[in-house]
Amino acid sequence: MIFHVNHKTYEVDLVGHETLLEVLRDKLGLTGTKTSCMESECGACTVMIGGKGILSCITLAANVAGEPITTIEGLADGENLHPVQQAFLDYGAAQCGFCIPGMIMASTALLTQNPHPTREEMEYALDGNICRCTGYLKIFEALREAGDKMSQLKAPRESALYQYIPAVSSTP
Amino acid sequence: MLLNPLTFHAPKTVEEAIELYSTLGEVRLLAGGTFLLNSLKLLKKRGIKTPQHVISLRKISVLQGVKVTGDTLTIGAMTVINDLFSSPHLTDNFAILRTVCRNISTNPIRNMATVGGNLTSRYTWTEMGAPLIALEAVMHFCGTNHTTESITVEDFFKNFAKTEKILTHITIRRDPAAALAYQRVKKLSDVDVPLLAVCIRTHFNDGCFTRTRASINCTTSFAKRDLVLEEFLNGKKTANGIAQEALAHLDTSIYDTRSDDYKKSMFRISIKKAIEDLTRRGQT
Ligand SMILES: Cc1cc2nc3c(=O)[nH]c(=O)nc-3n(C[C@H](O)[C@H](O)[C@H](O)COP(=O)(O)OP(=O)(O)OC[C@H]3O[C@@H](n4cnc5c(N)ncnc54)[C@H](O)[C@@H]3O)c2cc1C
Ligand code: FES
Ligand code: FES
């Protein structure tokens, strides 16, 4: 089966029952996506498909073959970190770091669609990503900074990251 | 590996899916996977046999999306919760669905879980049931030999949400005169498990409640209507105090009597708040 991950194409032999998380880590060596609860509760395994954050631990790999998948390894542009990665560094938004790949993927999905989210919109978008270290405050500060940077980018590069996703709205 | 070996099928049309569904033995449908994948993992962990075949509905484009035709809102069974939430078609009585979607689970689950899966996965605590009963929604299924079947959400849950068919879409009639209130209580744990939900739809006629439908979700049984409460409210003036009075007119047999006192009391509080909300709107 063909997988499009981080703008690269991989041909992978699948039996059928592999999760996307297993394929990314064990077959493609993309270990930035973390394995934690493995039952859709923590967000550590978040990747983006078509610009949306999804959980790779409950995604059957065969089901998303051929779709544009972005993992944490696909965010940086060569030596240049993605604005969200850079802001997490600058603001000290990571402690042990285990949740951070998932947190950054969920944040990138949000900011790509809505670079200036309110605090409530941030909390809503990241409500599936659990961090036991940071207390989230630094993460929200990093998001504000990253969003500013991303909205200044005049021509976002053509990538799965910039595909349309529905707006994250505040409480109706 | 987290799952037992299985054969994966990805039909592109409903017809192909039906054909596979009716000919393969030991088969499960895959929509967003939020229920199925977790359940297959759990069964494997417990050493219980899992189905040999999984049929994904992801590539069947007609099952996706939300549209309005005339007075009818159509929600494709494969529409994910977040896409329903952000649909521009959620106006008038449909707007209550935005509140319902907003409160379901976490963002990645809302990006993955489908409306069809929420109704058909046979979890008593999934939440779409109560509001869709209040909205008099209808579910449309496709079965073998191209047979189609339509059934109200209310009747579907009366039959314990059992089906051997493929849900294709859900329809709801527009009703600009309807007023709806929704209240939901969740338990904060690792996962925000919804404990109960109440949805009341009514119309106001001469300052009185009329054509009221009150539906509840209480996690231990499938969503259903409280006919006693409906009967009490219909014809009553939207006066202050009516919400309190209504609490003496509940069909106590349908509420979760095994639950803790706090949950019983949260039900009463939720119903009261929903009626107060409607009363305020009826008075203006
Ligand atoms: C961590 C977590 C938190 C959750 N929190 C909430 C919550 O707060 N509120 C809430 O309401 N729900 C909650 N859920 C439940 C979730 O909404 C359901 O798991 C989800 O809606 C099921 O949809 P799915 O598309 O993922 O179905 P899948 O898991 O893909 O399918 C499950 C089953 O549904 C049936 N099915 C699916 N689609 C069809 C169809 N078109 N026709 C016929 N049968 C079909 C099949 O039997 C299938 O095997 C939560 C789930 C998780 C994992
Ligand atoms: S590992 Fe997927 S949500 Fe925790
Ligand atoms: S930084 Fe340690 S879990 Fe988030």
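Residues numbered from 1 in each chain as written. Chains lettered and ligands numbered in written order. Predicted model: local features only at pLDDT ≥ 70, side-chain atom pairs only at ≥ 80, totals over all residues. Heavy atoms only, no water.

Undergrad: Quick rundown of the side chain of Asp 175 of chain B? Include the residues and the values.
TA: When you line up the elements, Asp 175 of chain B lands in the loop between β8 (166-173) and β9 (179-187). With residues near it in sequence (within four places) discarded, Asp 175 of chain B still touches Asn 93, His 203 and Arg 211 of chain B. (Helix = DSSP H or I, 4+ residues; strand = E, 2+ residues; numbered from the N terminus. Contact = heavy atoms within 4.5 Å.)

Undergrad: Residues and numbers for helix α2 (residues 83-90) of chain A, please.
TA: Residues and elements named next belong to chain A. All of the buried residues in α2 are Pro 83, Val 84, Gln 85, Ala 87 and Phe 88. Elements in contact with the buried residues of α2: α3 (100-113) and α5 (137-152). Looking one or two residues past α2, Gly 92 carries a phi angle of roughly 60 degrees, positive in sign. (Buried < 20%, exposed > 50% of the residue type's maximum accessible area, 1.4 Å probe, protein only.)

Undergrad: Summarise the interface of chain B and chain A; cite the residues concerned and give the values.
TA: Taken together, the contacts link 39 residues of chain B with 36 residues of chain A. Roughly 3,100 Å² is buried in total at the junction of chain B and chain A, and carbon and sulfur atoms are behind 58% of that figure. Here Lys 59 of chain B makes a salt bridge to Glu 67 of chain A, at a shortest N to O gap of 3.6 Å. On inspection of chain B and its partner chain A, the count reaches 15 residue pairs in polar contact (both at pLDDT 80 or more). Those elements that place two or more of their residues in the side of chain B that touches chain A are α2 (36-45), β3 (53-56), α3 (81-85), α4 (96-103) and α5 (107-112) of chain B. (Buried area = accessible area lost by both parts, 1.4 Å probe. Salt bridge = Lys/Arg side-chain N within 4 Å of Asp/Glu carboxyl O. Polar contact = N/O pair within 3.5 Å; in protein donor to acceptor, adjacent residues only side chain to side chain.)

Undergrad: Kindly report on the pattern of salt bridges, identifying the contributing residues and their values.
TA: When the charged atoms of two side chains lie near each other, side chains of opposite charge can form a pair. Inspection of the entire model under this criterion finds 21 salt bridges over all chains. Residues participating in the shared-partner salt-bridge network are Glu 154, Asp 155, Lys 158, Arg 213, Arg 225 and Glu 230 of chain B.

Undergrad: Explain the site of ligand 1 residue by residue, including any values.
TA: Near ligand 1 there are 32 residues, and of these Ala 31, Thr 34, Leu 36, Thr 114 and Glu 127 of chain B occur at the shortest range. Chains contributing residues to the immediate surroundings of ligand 1 are chains A and B. With respect to ligand 1, the backbone of Phe 35 of chain B contributes an N or O atom lying 2.9 Å from an oxygen atom. Across the complex, the protein chains shield 96% of the 980 Å² of accessible surface that ligand 1 would expose by itself. Partitioning the shell around ligand 1 into residue classes produces 15 nonpolar, 12 polar and five charged. (Near = heavy atom within 4 Å. Areas by Shrake-Rupley, 256 points an atom, 1.4 Å probe, with all protein chains shown as cover. Nonpolar A, V, L, I, M, F, W, Y, C, P; charged D, E, K, R; others polar.)

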